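Survey of secondary and tertiary structure
Each chain is listed here by its residues.
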Amino acid sequence: MNNPTHVAGDHTGIAFPVSYAVLEEGGVSALTTLFQQTEAISVDNAVTAIIHWKEFFGGGMGRKIAIDVTYAREEGAPTRLFAKFTREFGDPLRDLFSPVMDPEVRFALLSRRSGFPLRVPRCMFGDYNAEFKTGLLITERIPYGSEGIEPALEKCVDYELADPLPYYEAQTRAIAALAAYHRAGHFGDEIDQEFPFTPTDEALLKVIPYDQAQLQAKLAKLKDFAARAPQLLPDGLADPAFLDEFAAGAVQVLAKEETIWRHLYARREAIALVHWNMNPDNAWFWRDEEGMMQSGQLDWGGVAQANIAQSYYGMLCAGEADFLARHDANLQALLLSEYTRLGGPTLDAAAFYQDVNLAIAVLGTAWMLDAPSLLEAELPDYADLTDRSDPRLRALFLPRAQLQLLTVFLSEWRRKDIGETVGRLPG
């Protein structure tokens, strides 16, 4: 099959390169055309030189490039750029990962509007073609570790931070700012057009990607993992009695999944435009003139209308369990107060607390239970690890991250007695 070199974007109609190689071949001419057509630079300006071009690797999307450019005329356009493509034609994971770029592109285009409530990388070009499952996004590149920007944070190693709280407070304020801006009507009807919310959609009511038999296999694997390496599930999370109780609750979560989602979608005042993955590693941070930590947001692949509680759990799910125990209540209070202060509806704190617990139940069951299998696949001798900070585990992103996500999920389940919350829902 002969694949195209360029496709027309579904959102702008602009033809864009489908691959790293095609963009590289087009060089300054291709960048100039894309930037002019999206009005990122004026029609009488141009990219005059590419002075840095380097591919780098990370994440699940396709090839990524750091690009430094010069322009014919200074007009505020960023010279340090970041570009990413969907996966190449023929990649076996292309169909799985590529559609995630579509909402990210729509959000990037939306972010160019005046008065946008969050700091996000300036969008120079973005579009996606659903027919060919091809996308391209070009934004400014964040100068981590310089110009007042803090070094980039890593996922699931908050124990290496002296004080994680200011980062999570900044992210909490950001969740509230975007949600309130939407609910206050400042986007007009754009959100319903670009990110429609249909709570009866089957895709929103069935997220857990397996049946009861598959769930039982995952729970059995978890119990075996806990017996072989209890040091990797600290603070009593490897206790067989607790895991039996948790397993019974997880079975109920799967059986009641549709009920849980209908509950989360029932209060329209809690539904807003949110980013589901606001872990601090998907942000950049700086302190303002008063010394308060501020944040900008990256990686918007999961942006959608949803219950704000889903975004809140997405922010905290990779933190430290003891940190959540100390600060969860105050962070929830901060989110609700900021949401109202910035123009959103007033949310009942008790109802929101329950929504958070149900979001933990269904999202944790859907995505956190594969950690034992992932860890075993990359570290067959995992039982010999000292703990999660063991250098052998610290060096492996996916199993390290998944183990911490699982640990936080189990810890929150126990601390909040989430099984009891799920049990009170109708079957």
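For every chain, the first residue of the written sequence is number 1, and numbering continues from 1 along that sequence. Residue-level local features of this predicted model are given only where pLDDT is at least 70; pairs of side-chain atoms are given and counted only at 80 or more, and the full residue set underlies all totals for whole chains, interfaces and linings. As a rule here, side-chain values cover all heavy atoms of the structure and leave hydrogens and water aside.

A closer look at the overall build of the chain
This is how it is decided: By definition, any uninterrupted DSSP run of H or I lasting at least four residues is a helix, any uninterrupted run of E lasting at least two residues is a strand, and each is numbered from the N terminus. Here the radius of gyration uses the C-alpha set of atoms, whereas the globule reference equals 2.2 Å times the residue count to the power 0.38. Here the term buried applies to any residue with accessible area under 20% of the maximum for its type, exposed to any over 50%, and partly exposed to those in between, with areas from a 1.4 Å probe on protein chains only. Two residues form a contact once any of their heavy atoms are found within 4.5 Å. Using the Shrake-Rupley algorithm and a 1.4 Å probe, accessible areas are obtained, with residue cover drawn only from the displayed protein chains. Here the positive residues are Lys and Arg and the negative ones are Asp and Glu; neither His nor the chain ends is included. Where a charge lies is defined by one atom per residue type, namely NZ (Lys), CZ (Arg), CG (Asp) and CD (Glu).
Each helix and strand counted, the chain has 16 helices and 11 strands in total. Radius of gyration (C-alpha) of the chain: 22 Å, near the 22 Å computed for a compact globule of 427 residues. Dimensions of the chain, computed from the C-alpha atoms along their principal axes, are close to 70 × 50 × 45 Å. Counting all 427 residues of the chain, 53% fall into the buried class. For the chain, restricting intrachain contacts to residue pairs at least 6 apart in sequence, the fraction spanning at least 24 positions comes to 70%. Of the roughly 18,200 Å² of accessible surface on the chain, 53% is carried by carbon and sulfur atoms. Each charge sign in the chain was given a centre, from 38 positive and 60 negative side chains, and these centres are 1 Å apart.

As for helix α12 (residues 349–367)
For clarity, the threshold we go by: Take the number of residues in a helix, subtract one, and multiply by 1.5 Å to get its expected span. Here a polar contact means two N or O atoms within 3.5 Å. Within protein one must be a hydrogen donor candidate and the other an acceptor candidate, and residues neighboring in sequence count only if both atoms are side-chain atoms.
The first and last C-alpha atoms of α12 sit 26 Å apart over 19 residues, in line with the 27 Å expected at 1.5 Å per residue. Among the 19 residues in α12, 15 count as buried, and that is most of the element. With a side-chain oxygen positioned 3.2 Å from the backbone nitrogen of Ala350, the residue opening α12 is Asp348.

Things to note about the packing of helix α10 (residues 308–316) against helix α11 (residues 321–341)
Our working definition: Every axis corresponds to a line fitted to the C-alpha atoms, with the helix fit spanning only the stretch in contact, and the corresponding angles, defined between N-to-C directions, vary from 0 to 180 degrees. If an angle is under 35 degrees, it is roughly parallel; if it is over 145, roughly antiparallel; if it lies from 65 to 115, roughly perpendicular; otherwise it is oblique. Crossing chirality is assigned from the near helix's rotation relative to the far helix, an anticlockwise turn below a right angle marking it left-handed and a clockwise turn marking it right-handed. Residue polarity is assigned by list, with Asp, Glu, Lys and Arg as charged and Ala, Val, Leu, Ile, Met, Phe, Trp, Tyr, Cys and Pro as nonpolar; anything else, Gly included, falls into the polar class.
Interaxial distance between α10 and α11 falls to 12 Å at its minimum, and their mutual angle equals 140°. In terms of orientation, α10 lies oblique with respect to α11. Remark: the crossing between α10 and α11 carries right-handed chirality. Each of Ile308, Tyr312 and Leu316 in α10 lies in contact with α11, whose residues at this interface are Phe323, Leu324, Asp328, Leu331, Gln332, Leu335 and Tyr339. The residue makeup of the contact of α10 with α11, split by class, is 8 nonpolar, 1 polar and 1 charged.

Here's the deal with the sheet that holds strand β4 (residues 64–71)
Filter applied, for reference: When DSSP locates at least two bridges between a pair of strands, those strands are taken to pair.
If you walk across this open sheet you meet the 5 strands as β3-β4-β5-β7-β6, and the pairing is antiparallel. Of all the strands in the sheet, the pair left with one neighbour each is β3 (47–56) and β6 (123–129). Going from strand to strand, the sheet's axes swing by 20° on average, the running direction of each strand aside. Of the strands in this sheet, β3, β4, β5 (80–85), β6 and β7 (134–140) touch helix α1 (residues 20–37), which is tilted by about 140° from β3. The strands that helix α3 (residues 101–110) touches are β5, β6 and β7; relative to β6, the one it contacts most, it runs at about 145°.

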